[in-house]
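Single-letter residue listing:
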Amino acid sequence: MTRETDPDMPYAEVIGDPIAHSKSPLIHKFWLERLAIEADYRTCHVTPAELSDYIERRSGDSAWRGCNVTIPHKIAMLDLVADPGGVREKIGAMNTVVRQADGSLMGTNTDAAGFLAPIADSDWSGKQAVVIGAGGAARAVLFALKQAGIGEITFVARSGLKATGLLVQASVKGSVLPMDARLPKADLLINASPLGMTGKPPLEIYLDPLPDDALVYDLVYAPLETGLLRAAKKRDLAVVDGLDMLIGQAALAFELFFGATPPMEHDAELRKLLVA
Ligand code: NAP
């Protein structure tokens, strides 16, 4: 059975502009199949001009469980749905909208928890982190690190003003460096910029100042092994790639859409599918 043959079949989707590249359908459909849940997950191309109409239409569709939200709608969505968790103040971006049984819509952000999940076993309280980039993903990273009790954050960003604004808004101790600055000593280095992604310029950064027990985390997942992660592995530093966060944030959204916990015991198979 599909939504074409059964229009009442529950479904969720990911919206953005562009959207064809999204890996979310692959992840959600993989879990739906493994759990034998009769539901669908698909992409939906929505331009900024279409966003409020889209929300209006979907709120009246009882088969629609909600959507994941990607570039460029994460900020605009804050004005269109309820925000019971205070995501606007805490993170400033929404990546998930859920339709409640009564038809009302509420938004949340699963990026922060998805980011933290792969590194949550370590104690980050009082530690030093460096975050490259000051966009939407960096906001979620900043919130997650604050929750984890991080001591200090250095932003490396091309817009110093934006990065300073993030630190002030989050009331986190830290500083801002330009893109060509030498890295400070840090326990955790995070790339939250698109640098190093396929089709984007490489991330030019020298890891020498990092101690041997530092962890390097790249949010970019295409390619999976970025130049940054290659350089970190060469130095025998611990690394986390972008797929862990992608799967982590999707798992939280899946629970909200379909009311079931994803079968994480199949993660290795899912990762293989995602890089194929
Ligand atoms: P975004 O909101 O567009 O922010 C990108 C940030 O990177 C901005 O601060 C931008 O600077 C900076 N930047 C872009 N190009 C740059 C360049 N050439 N030199 C220096 N800085 C540059 O994007 P985002 O949503 O934060 O996403 C950032 C990356 O994280 C993307 O690669 C995305 O795929 C990845 N991501 C991964 C996951 C995951 O689950 N693994 C989740 C979210 C995002 P300005 O502020 O000056 O524009």
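Up top you'll find the structure we're talking about.
Along each chain, residues carry numbers from 1 onward, in the same order as the chain's sequence is written. Reporting of local features is limited, given that this is a predicted model, to residues whose pLDDT is at least 70; pairs of side-chain atoms are given and counted only at 80 or more, and all residues count toward the totals for whole chains, interfaces and linings. As a rule here, side-chain values cover all heavy atoms of the structure and leave hydrogens and water aside.

Undergrad: Before we move on, can you summarise the environment of Pro223 with the specific residues and values?
TA: Secondary structure counts use DSSP, requiring at least four H or I residues in a row for a helix and at least two E residues in a row for a strand, with both numbered from the N terminus. For Pro223, the position within the fold is in the loop between β10 (215–218) and α7 (227–234). We call two residues in contact when some of their heavy atoms are within 4.5 Å. Aside from chain neighbours lying at most four places away, what touches Pro223 is Gly196, Met197 and Thr198.

Undergrad: Can you tell me about unusual backbone geometry, naming the residues and giving the values?
TA: One can expect most non-glycine residues to show negative phi and most peptide bonds to be in trans. Going from Asp17 to Pro18, the amide bond is cis rather than trans, its omega being 5°. Within the secondary structure, Pro18 is located in the loop between β1 (11–16) and α1 (24–34). Omega for the bond connecting Ile71 with Pro72 falls within 30 degrees of zero, at 10°, which places this linkage in the cis form. Of note, Pro72 is situated in the loop between β3 (64–69) and α3 (87–90). With phi around 55°, Ala36 is a residue other than glycine that occupies positive phi space. Considering the arrangement of structural elements, one finds Ala36 in the loop between α1 and β2 (40–45). Using a relative accessible area of 66% as the deciding quantity, one classes Ala36 as exposed. Although it is not a glycine, Asp236 sits at a positive phi angle of roughly 65°. As for its position among the elements, Asp236 is in the loop between α7 and β11 (238–240). Exposure classes here rest on a 1.4 Å probe applied to the protein chains alone. A residue is buried below 20% of its type maximum, exposed above 50%, and partly exposed in between. Residue Asp236 is classed as exposed on the basis of its relative accessible area, which comes to 68%.

Undergrad: Which residues make up the packing of aromatic side chains, and what values go with them?
TA: Classification of ring pairs rests on two measures: the distance between centres of Phe, Tyr or Trp rings, Trp counted by its six-membered ring, which must be within 6.5 Å, and the angle between planes, read as stacked under 30 degrees, edge-to-face over 60 and tilted in between. Tallied over the entire structure, the rule returns six aromatic pairs. Here the aromatic rings of Trp31 and Phe254 are separated by 5.5 Å at their centres, their planes lie at 75°, and the arrangement is edge-to-face. Highlighted residues: Trp31 in helix α1 and Phe254 in helix α8 (residues 242–258), separated in sequence by 223 residues. Of the two residues, Trp31 and Phe254, both sit in the buried class. A ring pair is formed by Tyr41 and Phe257, whose centres lie 6.4 Å apart and whose planes are at 45°; its orientation type is tilted. With Tyr41 in strand β2 and Phe257 in helix α8, this residue pair connects regions lying 216 residues apart in the sequence.

Undergrad: Any details on the pairing of strand β8 (residues 174–177)? Residues and values, ideally.
TA: Only strands that DSSP links by at least two bridges are regarded as paired with each other. In the sheet, strand β7 (residues 152–156) pairs with β8 via four bridges, with the strands oriented parallel. Bridge assignment links Ile153 to a residue of β8, and that residue is Gly174. Viewed with both strands pointing away, a crossover whose connecting path from the first strand over the helix to the second turns clockwise is right-handed. In this region the chain leaves β7, passes through helix α6 (residues 160–170) and returns to the parallel neighbour β8; the handedness of that crossover is right-handed.

Undergrad: Describe the pairing of β10, naming the residues involved and giving the relevant values.
TA: Consecutive residues of a regular strand have side chains that alternate between opposite faces of the sheet. Burial of the side chains of β10 extends over both faces: Leu215 and Tyr217 are buried on one face and Val216 and Asp218 on the other. Here strand β9 (residues 188–191) runs beside β10; their pairing, made up of four bridges, is parallel. By the bridge assignment, Leu189 is partnered in β10 with Val216. Taken together, the three bridges between β10 and β11 define a ladder with parallel strand orientation. Bridge pairing in β11 links Tyr217 to Val240.

Undergrad: Residue-level account of the side chain of Ser24, with values.
TA: Its location among the elements puts Ser24 in helix α1. Its relative accessible area of 8% is what places Ser24 among the buried residues. If we skip the residues at most four places from it in the chain, Ser24 touches Val14 and Tyr41.

Undergrad: Now, about the site of the ligand: what can you tell me, with residues and values included?
TA: If even one non-hydrogen atom of a residue comes within 4 Å of a molecule or strand, that residue is called near it. Taken together, 21 residues form the shell around the ligand, and within it Ala134, Ala137, Arg158, Lys162 and Gly242 come nearest. Within the backbone of Gly135, one N or O atom sits 3.1 Å away from an oxygen atom of the ligand. In this structure, Leu246 approaches the ligand through a main-chain N or O atom, which is 3.2 Å from an oxygen atom. Computed by Shrake-Rupley with a 1.4 Å probe, the accessible areas treat only the displayed protein chains as cover when residues are assessed. Protein contacts shield 78% of the accessible area of the ligand, which totals 910 Å² for the unbound molecule. For the shell around the ligand, the secondary structure elements donating two or more residues are α5 (136–147) and α8. Residues were grouped as follows: Ala, Val, Leu, Ile, Met, Phe, Trp, Tyr, Cys and Pro as nonpolar; Asp, Glu, Lys and Arg as charged; and all remaining residues, including Gly, as polar. In the shell around the ligand, the residues fall into 13 nonpolar, six polar and two charged. Two N or O atoms count as a polar contact when they lie within 3.5 Å, although within protein this holds only if one can serve as hydrogen donor and the other as acceptor, and sequence-adjacent residues are included solely when both atoms are side-chain atoms.

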